[in-house]
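One letter stands for each residue in the lines below.
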Amino acid sequence: MVRRVAVIGAGAGGLASVKCCLDEGLEPTCFESSEDIGGVWRYTDSTDSRRITVYRSVITNTSKEMSCFSDFPFPEDFPNYLPHSLVLEYLRMYAQHFDLLRHIRFQTTVLSVRKCPDFSTSGRWEVVTESHGVRESHVFDAVMVCTGHYQEPYLPLASFPGIESRFKGHYLHSWEYRDVQAFQGKRVLVLGIGNTGGDLSVELSRVAAKVFLSTRSHTWVASRVSDQGFPVDMVSTTRFNSLLDWLLPSALTRRIKFRKFNSWFNHTNYGLASSKSSKFKIIINEELPFCLLSGAVVLKPNVKEFTESSAVFEDGTTEGNIDVVLFATGYNFSFPFLEESVRGSIHDNRSLYNCIFPPQLEQPTLAIIGLIQLTGSIMVGSEMQARWVTGVFAGWNKLPPPSRMMAEVLKRKPAVKRNPSERENLKMSFISYVDKIAACAGVKPSVLRLLLTDPKLGLAIFFGPCSPYQYRLQGRGSWSGARAAILTQWQRSLRPLRTRVLRGSSSSSWRWSWMCLLALPAALTAAWLCSKYPQAGWSPRL
């Protein structure tokens, strides 16, 4: 029976894991190699420790109502999209509220995690740690690895001939970037157009002499602000929209999405994306289109090679006098402390049962938390993973036999290990994945039952944002404040904007109520269909 649990890492996933262990009556010990909580959200100017951190100007891409822990909303006066300082403040509030800090051992590095000799029957692990030069050996009944996927900078130098042998300028990975000071008056080439590449290109364009942004992928650019002015994820991430994605042919859903993106600006004209491409990525950036339109950022194709001071691109063009090359090429994950028999089998999250459990283990006492890429908040997904995992450890939730888990993993396991840019295409639907894990944990809300017993709440759940509070309405760990949190989430999103209230302004809540009332029959029919065909999963097919 599992009692003592080792939690590795005190970032958002680690804190949620400690809290979930305590909820299930387990005894967690969290090992954190640094001196404080927060993980990547604890910003530091220094790069000496090689600890991965966000850059100074980063702003969250998911809104506060869609990113919070499911029983602990962000403060009302916090803005909808948050700088790293407020995310860290929130994590401190969470840790203090649930008294988590006393379970964390800071400045303690995990050196190895190995099976005990009797693992096949006991499932126990030997964990060796080091703190201030002193090594200790511990035995735990289970281990939760919460180090995430931002661990090792991915620097594909071999893919860019001449960058090491001929190029005389400076190159660095985005993990070393903190602010614009060192780039004043420079000609900068940014490689990679993910969220980081887009953000840094825009920021650098304010001080650099010129910024070039090189990409080989089709990229659609979206805004955090919806047409109505609400956070876009609150408007778009709904069960209703997810159901439409399932019902409609995938080609039609892609066409609808592309048309929506192009209603802001024509992506083909900007060289960003073509609606004929089946492989694409979506990034969040309100300023990049204007920077391209004003020439502050120049979009370029993939780099073919580097000379002493120039970059030669695959279309035959050349840009000279390049001072700095900034690799925004993502990160690799690694678990160097895990024994080779386990570590060598994890290529990406598709090597894990439900992206969490290594399926080949005789005992399911090792869980990888947060190794996921979702269309919504990873923090919410990690918390749901931790709730299910601790339920498994405590004996409330059951896993299939290892043979069945292995068979399911083999269906989706990659033939080769993918680099970070290719893994971008493996993003999973937020609602589909979190619903799947919630169903395993017995906490997935029953929309049909709520529509019949509490229509106001049921309609808010079906047509409104799929916010984390939905997963605290029923089952183990239910929260008495969940219903009120769901019904007041729109007001909380507007609260930080009420710094100037105009006379004569009126609320549109009555319109929302009437619309929901008229939609009740359709919602009941849709909920019945989804309960009748649960295998559909309401998953968008992209």
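Residues numbered from 1 in each chain as written. Predicted model: local features only at pLDDT ≥ 70, side-chain atom pairs only at ≥ 80, totals over all residues. Heavy atoms only, no water.

Engineer: What is the right way to read the overall build of the protein chain from this model?
Structural biologist: A tally of helices and strands in the protein chain yields 19 helices and 20 strands. Once the C-alpha set of the protein chain is aligned to its principal axes, its extents read approximately 65 × 65 × 45 Å. Residue pairs in contact within the protein chain that sit at least 24 positions apart in sequence constitute 69% of those at least 6 positions apart. Approximately 24600 Å² of the protein chain is accessible, and the part contributed by carbon and sulfur atoms is 53%. (Helix = DSSP H or I, 4+ residues; strand = E, 2+ residues; numbered from the N terminus. Contact = heavy atoms within 4.5 Å. Areas by Shrake-Rupley, 256 points an atom, 1.4 Å probe, with all protein chains shown as cover.)

Engineer: Just checking my understanding: could you explain the sheet that holds strand β2 (residues 27-31) for this structure?
Structural biologist: The pairing of strands in a sheet comes from backbone hydrogen bonds and takes either a parallel or an antiparallel form. Within the open sheet, the five strands sit side by side as β3-β2-β1-β7-β20. Their pairing is parallel. The open sheet has two edge strands, β3 (104-105) and β20 (366-368), and neither has a second partner. Sheet topology note: the strand β7 (residues 142-145)/β20 ladder contains three bridges and is parallel. Looking at β20, one finds that Met144 is bridged to Ala367. (Pairing = 2+ DSSP bridges.)

Engineer: Hey, could you run me through the side chain of His84 in this one?
Structural biologist: Position of His84 relative to the elements: it lies in helix α3 (residues 84-97). Among the residues examined, His84 registers a relative accessible area of 13% and is labelled buried. Of the polar contacts made by the side chain of His84, one reaches the backbone oxygen of Arg56; its length is 3.1 Å. Residues contacting His84, with those up to four places away along its chain left out, are Trp41, Tyr43, Val54, Tyr55, Arg56 and Val58. (Buried < 20%, exposed > 50% of the residue type's maximum accessible area, 1.4 Å probe, protein only. Polar contact = N/O pair within 3.5 Å; in protein donor to acceptor, adjacent residues only side chain to side chain.)

Engineer: Hey, could you run me through the nonpolar core in this one?
Structural biologist: In a soluble, globular protein the nonpolar side chains are often hidden away together inside. Membership of the largest hydrophobic core comes to 102 residues, with the highest contact counts inside it found for Val5, Phe69, Met144, Phe357, Trp388 and Phe393. Residues contacting Val5, with those up to four places away along its chain left out, are Cys21, Leu26, Glu27, Pro28, Thr29, Phe140, Ala142, Met144 and Phe393. (Core = buried A, V, L, I, M, F, W, Y, C linked by side-chain atoms within 4.5 Å.)

Engineer: In this structure, what is going on with the pattern of salt bridges? I would like to understand it.
Structural biologist: As a working rule, side chains carrying opposite charge can pair if their charged atoms are close by. Evaluated as defined, the whole model comprises 29 salt bridges. Taking the shortest distance from any N to any O, the salt bridge between Glu319 and Arg187 comes out at 3.8 Å. In this pair, Glu319 is assigned in strand β17 (residues 318-319) and Arg187 in strand β10 (residues 187-191), connecting sequence segments 132 residues apart. Judged by relative accessible area, which is 23%, Arg187 ranks as partly exposed. (Salt bridge = Lys/Arg side-chain N within 4 Å of Asp/Glu carboxyl O.)

Engineer: Just to check I follow, could you spell out a nonpolar patch on the surface for this structure?
Structural biologist: Taken together, the side chains of Phe240, Leu244 and Leu247 define a hydrophobic patch exposed on the protein surface, amounting to about 240 Å² of accessible area. By secondary structure assignment, the location of Leu244 is in helix α7 (residues 239-247). In this structure Leu244 comes out as partly exposed when scored by relative accessible area, which is 32%. (Patch = residues over 30% accessible without salt bridge, like charges linked within 9 Å, V, L, I, M, F, W, Y side chains within 5 Å.)

Engineer: What should I look at first to understand the packing of helix α11 (residues 378-394) against helix α14 (residues 430-441) in this one?
Structural biologist: Each pair of packed helices can be summarised by the angle the axes make with each other and by the distance between the axes. Put simply, α11 and α14 touch, their axes get as near as 9 Å, and they point 15° apart. With respect to α14, the element α11 is oriented roughly parallel. Pair α11 / α14 crosses with left-handed handedness. Each of Val380, Gly381, Met384, Gln385 and Trp388 in α11 lies in contact with α14, whose residues at this interface are Phe430, Tyr433, Val434, Ile437, Ala438, Cys440 and Ala441. Within the contact of α11 with α14, the residues separate by chemical class into 10 nonpolar, two polar and no charged. (Axes fitted to C-alpha atoms, helices over the stretch in contact; angles between N-to-C directions. Parallel < 35°, antiparallel > 145°, perpendicular 65-115°, else oblique. Left-handed = near helix turned anticlockwise from the far one by under 90°. Nonpolar A, V, L, I, M, F, W, Y, C, P; charged D, E, K, R; others polar.)

Engineer: What's the story with the side chain of Thr219 in this structure? I'm lost.
Structural biologist: Relative to the helices and strands, Thr219 resides in strand β12 (residues 219-222). A polar side-chain atom of Thr219 sits 3.4 Å from a polar atom in the side chain of Ser217. Setting aside its immediate chain neighbours within four residues, Thr219 contacts Ile193, His267, Leu272, Ala273, Lys281 and Ile283.

Engineer: What's the story with the packing of aromatic side chains in this structure? I'm lost.
Structural biologist: The description of two aromatic rings rests on the distance between their centres and on the angle between their planes. Per the stated rule, a full pass over the model turns up 31 aromatic pairs. Summarising the aromatic geometry, the rings of Phe258 and Phe280 are spaced 5.2 Å apart at their centres and angled 80° between planes, so their arrangement reads as edge-to-face. In this pair, Phe258 is assigned in helix α8 (residues 250-264) and Phe280 in the loop between α8 and β13 (281-284), connecting sequence segments 22 residues apart. The residues Phe258 and Phe280 share a single accessibility class, namely buried. Between Tyr353 and Trp388, the aromatic rings sit 6.5 Å apart at their centres with planes inclined by 50°, giving tilted as the arrangement. Within this pair, whereas Tyr353 is found in the loop between α10 (340-343) and β20, its partner Trp388 is found in helix α11, the two being separated by 35 residues in sequence. Taken individually, Tyr353 and Trp388 each receive the classification buried, so the pair is uniform in this respect. Taken together, the ring pairs connect Phe69, Phe72, Phe74, Phe78, Tyr90, Tyr94 and Phe98 into an aromatic cluster. (Phe/Tyr/Trp six-rings, centres within 6.5 Å; stacked < 30°, edge-to-face > 60°.)

Engineer: Help me understand the sheet that holds β17, please; the structure alone is not making it clear to me.
Structural biologist: If you trace the three strands from one edge of the open sheet to the other, you get β15-β16-β17, paired in antiparallel fashion. The two strands at the open ends of the sheet, each matched to only one other strand, are β15 (303-306) and β17. Both strand β16 (residues 311-313) and β17 contribute to a ladder of two bridges, which runs antiparallel. When the bridges of β17 are listed, Ala311 appears paired with Glu319.

Engineer: So what exactly am I meant to see when it comes to α7 here?
Structural biologist: Two residues of an α-helix separated by three or four positions point the same way, owing to the 3.6 residues in each turn. Taken residue by residue, α7 has Arg239, Ser242, Leu243 and Asp245 as its buried positions. Projection of α7 onto a plane perpendicular to its axis shows the buried side chains occupying an angular sector of 155°, all on one side. (Arc of directions from axis to C-beta.)

Engineer: Would you explain the confidence of the model for the protein chain in this entry?
Structural biologist: The predicted coordinates of low-pLDDT regions are not to be read in fine detail. The share of residues in the protein chain with pLDDT of 70 or more is 90%, and the mean pLDDT across the chain is 92. Note that residues 535-542 has pLDDT below 50 and, in this model, 24 contacts with residues that lie over four places away or in other chains. (pLDDT = per-residue confidence, 0-100.)

Engineer: Looking at this model, I keep getting lost on the pairing of β15. Mind explaining?
Structural biologist: Every regular strand shows the same layout, with side chains that alternate between the two sheet faces. In terms of strand pairing, β15 meets β16 through three bridges, oriented antiparallel. Of the residues in β16, the one forming a bridge with Glu305 is Val312. In this structure, the hairpin formed by β15 and β16 is closed by a connection of four residues.

Engineer: How do you make sense of unusual backbone geometry when you look at a structure like this?
Structural biologist: Outside of glycine, negative phi angles account for most residues, and trans bonds account for most peptide bonds. In this model, Asp99 sits at a positive phi of 55°, which is unusual for a non-glycine residue. Take Asp99: it is sitting in the loop between α3 and β3. Judged by relative accessible area, which is 40%, Asp99 ranks as partly exposed. With phi around 55°, Asn321 is a residue other than glycine that occupies positive phi space. For Asn321, the location among the structural elements is in the loop between β17 and β18 (324-327).

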